[in-house]
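# Analysis of the macromolecular model
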Amino acid sequence: MAEWNYDQLNEEDDEENEEREGGFQYQWGTRDGLIFLIDCTKSMFDRQDEESSFELCIKCARNVIQNKIIGSDKDLFGIVFFGTEKSSNPMEFKNIFILHELGLPGAERVLQLEKLMEAPDNDDFETKFGHSSDVSIADALWTCSNMFSTCSQKLGYKRIMLFTNSDNPHGDDAQLTRQAVAKAEDLRQNGIDLELMHMNRPDKQFNIKTFYEEILYADEDEQTNVADASEKFDELLRRVRAKYHKKRAMARVPLTLGEGLSMSVGVYLLVRYSTKPSAVKLYKKTNEELKTVTKSFLKACRFIFLLDF
């Protein structure tokens, strides 16, 4: 007879669940890491209605940072441009520019993104970053992977969101395509999720089968329905919000069918209260965060007592 048990989520359940998802174990109490990888080729700046695809991406990034400041201020967030004329990355890849290193969301980053959107026709972007048609998705993914690996904070959940309206970035270059497929597989093995946030061009529909289907799904059995390409900001933001929130099981109900045969059902909380971040003390003159330093003094001679652990 089948035996039912109800166990709270513990390390063994979490490990078993994560092994099925790709061998990566999520650690509770750690920070999440999210990188926006944004295509900056010329086609991203073609206007559709009132906004270009690039402007939609920047607005979406700004909104995500603002939400994280309020609800997840300890998570890390970064932005990488690819398809730029100028380059700025520690690995010295061409046409890749790291706008924001992986770090805490803050007001300065929001203001920088708003300044990018304020420039008429993005002339300021042309001057600071430029455009290039020479694109290597493998180099772009490698840059993001390196940002995760060199991060000083312990990350529990790592995700890359790739924004583009080009369904064939490499054209007929088979070598660049093979490199991108290999690098995407490396990301999966290292527990880094890759999500495609594709958009339509004003004169062309995005065809995921042209290139991106091969790097998103290594096995035909893993394929799932892909959302339609976004054309409006609300649609794009809705897709991003649905992806960057990690679904974590609150509990598991294991069912033993027989010796050596068992299965379990995950219990998920669909709605929960949003808690306020903890209070932070600031210095009133500079508005900088205060750091607490504790020193112990010997009462007899008033010398600082150094603790040696």
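Residues numbered from 1 in each chain as written. Predicted model: local features only at pLDDT ≥ 70, side-chain atom pairs only at ≥ 80, totals over all residues. Heavy atoms only, no water.

This part takes up helix α5 (residues 137-149). One turn of the α-helix equals 3.6 residues, which is why residues spaced by three or four share an orientation. With 13 residues, α5 ought to run about 18 Å at 1.5 Å a step, and its terminal C-alpha atoms sit 18 Å apart, in line with that. Among all positions in α5, only I137, A138, A140, L141, T143, C144, S145, M147 and F148 are buried. (Helix = DSSP H or I, 4+ residues; strand = E, 2+ residues; numbered from the N terminus. Expected span 1.5 Å × (residues − 1). Buried < 20%, exposed > 50% of the residue type's maximum accessible area, 1.4 Å probe, protein only.)

What follows concerns the pattern of salt bridges. Side chains that carry opposite charge are capable of pairing whenever their charged atoms lie near each other. The tally for this structure, following the rule as stated, stands at 10 salt bridges. R188 is the partner of E185 in a salt bridge, and the nearest nitrogen-oxygen pair spans 3.0 Å. A residue pair is termed a helical-turn pair when its members lie 3 or 4 positions apart in one helix, as E185 and R188 do in helix α6 (residues 174-189) at 3 residues. K209 is paired through a salt bridge with E213; the nearest N and O atoms lie 3.4 Å apart. A cluster of three or more residues bridged by salt bridges with shared partners is formed by R159, D193 and E195. (Salt bridge = Lys/Arg side-chain N within 4 Å of Asp/Glu carboxyl O.)

Reading across the sheet, the 5 strands line up as β7-β6-β3-β8-β9 and stay open at both edges, with mixed pairing between neighbours. Here the strands that pair on one side only, and so sit at the sheet edges, are β7 (96-103) and β9 (192-198). Geometrically, the sheet is characterised by an average inter-axis angle of 15° between neighbouring strands, direction not taken into account. Against the sheet, helix α3 (residues 107-118) touches β6 (76-82) and β7, its axis set at about 150° to β7. Packed on one face of the sheet, α5 meets β3 (31-39), β6, β7, β8 (155-164) and β9 and runs near 25° to β7. (Pairing = 2+ DSSP bridges. Axes fitted to C-alpha atoms, helices over the stretch in contact; angles between N-to-C directions. Contact = heavy atoms within 4.5 Å.)

Bringing the packing of aromatic side chains into the picture now. Summed over all chains, the structure comprises 13 aromatic pairs. Judged by centre distance (5.5 Å) and plane angle (85°), the rings of F81 and F129 are edge-to-face. With F81 in strand β6 and F129 in the loop between α4 (123-128) and α5, this pair connects stretches of sequence that are 48 residues apart. Among the aromatic residues, those joined into a cluster by ring pairs are F45, F54, F81, F97, F125 and F129. (Phe/Tyr/Trp six-rings, centres within 6.5 Å; stacked < 30°, edge-to-face > 60°.)

What follows concerns the state of the cysteines. Scanning the model with the defined rule gives 0 disulfides in all. With no disulfide partner, C57 has as its closest neighbouring cysteine sulfur the one in C60, 7.3 Å distant. Here C60 falls in the buried class, since its relative accessible area comes to 0%. (Disulfide = S-S within 2.5 Å.)

Now for the packing of helix α2 (residues 53-71) against α3. Pairs of packed helices are described in terms of their axes, by the angle between the two and the distance that separates them. Where α2 meets α3, the axes come as close as 10 Å, and the angle between the chain directions of the two elements is 160°. By the angle between their directions, the pair α2 and α3 is classed as roughly antiparallel. For the pair α2 and α3, the crossing hand works out as left-handed. Together, E55, I58, K59, A61, R62, I65, Q66 and I69 of α2 and A107, R109, V110, L113, E114, L116 and M117 of α3 make up the contact between the two elements. Taken together, the residues that form the contact of α2 with α3 break down as 9 nonpolar, 1 polar and 5 charged. (Parallel < 35°, antiparallel > 145°, perpendicular 65-115°, else oblique. Left-handed = near helix turned anticlockwise from the far one by under 90°. Nonpolar A, V, L, I, M, F, W, Y, C, P; charged D, E, K, R; others polar.)

Turning our attention to the packing of α5 against α6. Closest axis-to-axis distance for the α5/α6 pair is 8 Å, and the angle between their directions is 20°. Accordingly, the angle class assigned to the pair α5 and α6 is roughly parallel. Of the two elements, α5 crosses α6, and the hand of that crossing is left-handed. Between α5, through I137, A138, L141, W142 and S145, and α6, the contact on the second element is made entirely by Q179, A180, K183, A184 and L187. Its residues assigned to classes, the contact of α5 with α6 shows 7 nonpolar, 2 polar and 1 charged.

Within the element layout of this structure, T127 appears in helix α4. On the basis of relative accessible area, T127 is assigned to the exposed category, the value being 55%. For the pair T127 and E85, spaced 42 residues apart in the sequence, the C-alpha separation amounts to 9.8 Å.

A large share of β7 lies buried, amounting to 7 of its 8 residues. The sheet contact formed by β6 and β7 spans 5 bridges and is antiparallel. Its bridge partner being in β7, V80 is matched across the sheet by I98.

A contiguous nonpolar patch, built from L257, L261 and M263 and spanning about 290 Å² of accessible area, is present on the exposed surface. Structurally, the position occupied by L257 is in strand β10 (residues 251-258). The exposure class of L257 is partly exposed, given its relative accessible area of 47%. (Patch = residues over 30% accessible without salt bridge, like charges linked within 9 Å, V, L, I, M, F, W, Y side chains within 5 Å. Areas by Shrake-Rupley, 256 points an atom, 1.4 Å probe, with all protein chains shown as cover.)

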